[in-house]
Amino acid sequence: MSISLPALPYEPNALEPHISARTMQYHYGKHHKGYVAKLNKLIEGTKLEKLDLPDIIRSARDSANTAVLNNAAQAWNHEFLWNSMSPDGGKQPEGKLMDLIATEFGDIGGFKDEFKKAALGQFGSGWTWLVMDGKKLRITSTSNADSPVATDMQPLLTLDVWEHAYYLDYQNERPGYVTAFLENLVNWKFAAANLD
Ligand code: MN
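Student: Please clarify how the coordination of the manganese ion should be interpreted in this entry.
Tutor: Octahedral six-donor coordination of a metal ideally yields angles of 90 or 180 degrees, compared with 109.5 degrees for tetrahedral four-donor coordination. In this structure, His27 (NE2), His78 (NE2), Asp160 (OD) and His164 (NE2) serve as the protein donors to the manganese ion, at separations of 1.9 to 2.1 Å. Mapping the donors of the manganese ion onto the primary sequence gives the spacing H-x50-H-x81-D-x3-H. Pair noted here: His27 is in helix α1 (residues 21-43) and His78 is in helix α3 (residues 66-84), with a separation of 51 residues, a long-range link. A relative accessible area of 2% means that His27 is categorised as buried. Given a relative accessible area of 0%, His78 falls into the buried group.

Here it is in structure tokens:
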């Protein structure tokens, strides 16, 4: 068994004008595909070959196998990223997730401010996350390939803040990219489904 590159949940041009088809072609077709290919090479013929991605990540973390950890986490993070966005995204969550957001951030505007602050405050490459940390909703950032998956935290949403995620469309203007994500792309249905 090897890890396969999951299909994109929408067409490469579906997130335009916020994220171009050209960005998706590189980001999904080169970067994400590359992490999966590299991971499969690294685990070929090892006991990790039979595990799913979260278990590979857990095992690589425990054994400090950095090459496997980086590529496996990037493979997982990118699949989670595609699902964190939707052509029909933005708006705001409903039900239990909206209640949690109101408790933690006051309202959806408070959430967006905090998420934006975290995404812009991440120095260099990394990821910004909305997670459940126990019973508490929390925004957190990770560097490079690091991920809250296979930890005590439950990821709900993510945004990739590596330059490769936005440079073709926004050049060095990360704020425009983060705003486009928050206003137009966030897949709140996916986030809510991750609560359970
Ligand atoms: Mn990426």
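Having put the structure on the table, let's press on.
Student: I would appreciate a short explanation of α1 in the present structure.
Tutor: Because each turn of an α-helix spans 3.6 residues, side chains separated by three or four positions in sequence point in the same direction. Given a rise of 1.5 Å per residue, 23 residues ought to cover 33 Å, and the 31 Å separating the end C-alpha atoms of α1 matches this to within 8%. At Lys33, α1 shows its largest bend, some 25°. When α1 is considered as a whole, its buried residues turn out to be Ala21, Thr23, Met24, His27, Tyr28, His32, Tyr35, Val36, Leu39, Asn40 and Ile43. On its buried face, α1 sits against α2 (53-62), α3, β3 (154-160) and α6 (167-170). Following α1 by one or two positions, Gly45 has its phi on the positive side, about 80°.

Student: Hey, could you run me through the sheet that holds strand β1 (residues 126-133) in this one?
Tutor: Adjacent strands of a sheet form backbone hydrogen bonds with each other and so pair up, either parallel or antiparallel. Reading across from one edge, β2-β1-β3 is the order of the three strands in this open sheet, with antiparallel pairing throughout. Only two strands of the sheet have a single neighbouring strand rather than two, namely β2 (136-143) and β3. Direction aside, the axes of adjacent strands within the sheet are offset by 20° on average. Relative to β2, β1 is paired through eight bridges, and the arrangement is antiparallel. In the sheet register, Trp127 faces β2, and the bridge partner there is Thr142. Helix α4 (residues 95-105) rests against β1, β2 and β3 of the sheet, and its axis sits at about 80° to β2.

Student: Where do I start with the nonpolar core in this structure?
Tutor: Note that soluble globular proteins tend to have their nonpolar side chains buried in a common cluster. Counting residues in hydrophobic clusters, the biggest one holds 63 residues, and the most contacted among them are Met85, Phe111, Leu130, Leu137 and Trp188. The element best represented in this core is α3, accounting for eight residues. For Met85, the residues in contact, after removing those within four places along its chain, are Tyr10, Leu15, Ile19, Phe181, Leu185 and Asn187.

Quick notes on the rules
- Residues numbered from 1 in each chain as written.
- Predicted model: local features only at pLDDT ≥ 70, side-chain atom pairs only at ≥ 80, totals over all residues.
- Heavy atoms only, no water.
- Donors = N, O, S within 2.8 Å, 3.2 Å for Na, K, Ca; no water.
- Helix = DSSP H or I, 4+ residues; strand = E, 2+ residues; numbered from the N terminus.
- Buried < 20%, exposed > 50% of the residue type's maximum accessible area, 1.4 Å probe, protein only.
- Expected span 1.5 Å × (residues − 1).
- Bend = angle between axes of the 7 residues up to and from the residue.
- Contact = heavy atoms within 4.5 Å.
- Pairing = 2+ DSSP bridges.
- Axes fitted to C-alpha atoms, helices over the stretch in contact; angles between N-to-C directions.
- Core = buried A, V, L, I, M, F, W, Y, C linked by side-chain atoms within 4.5 Å.

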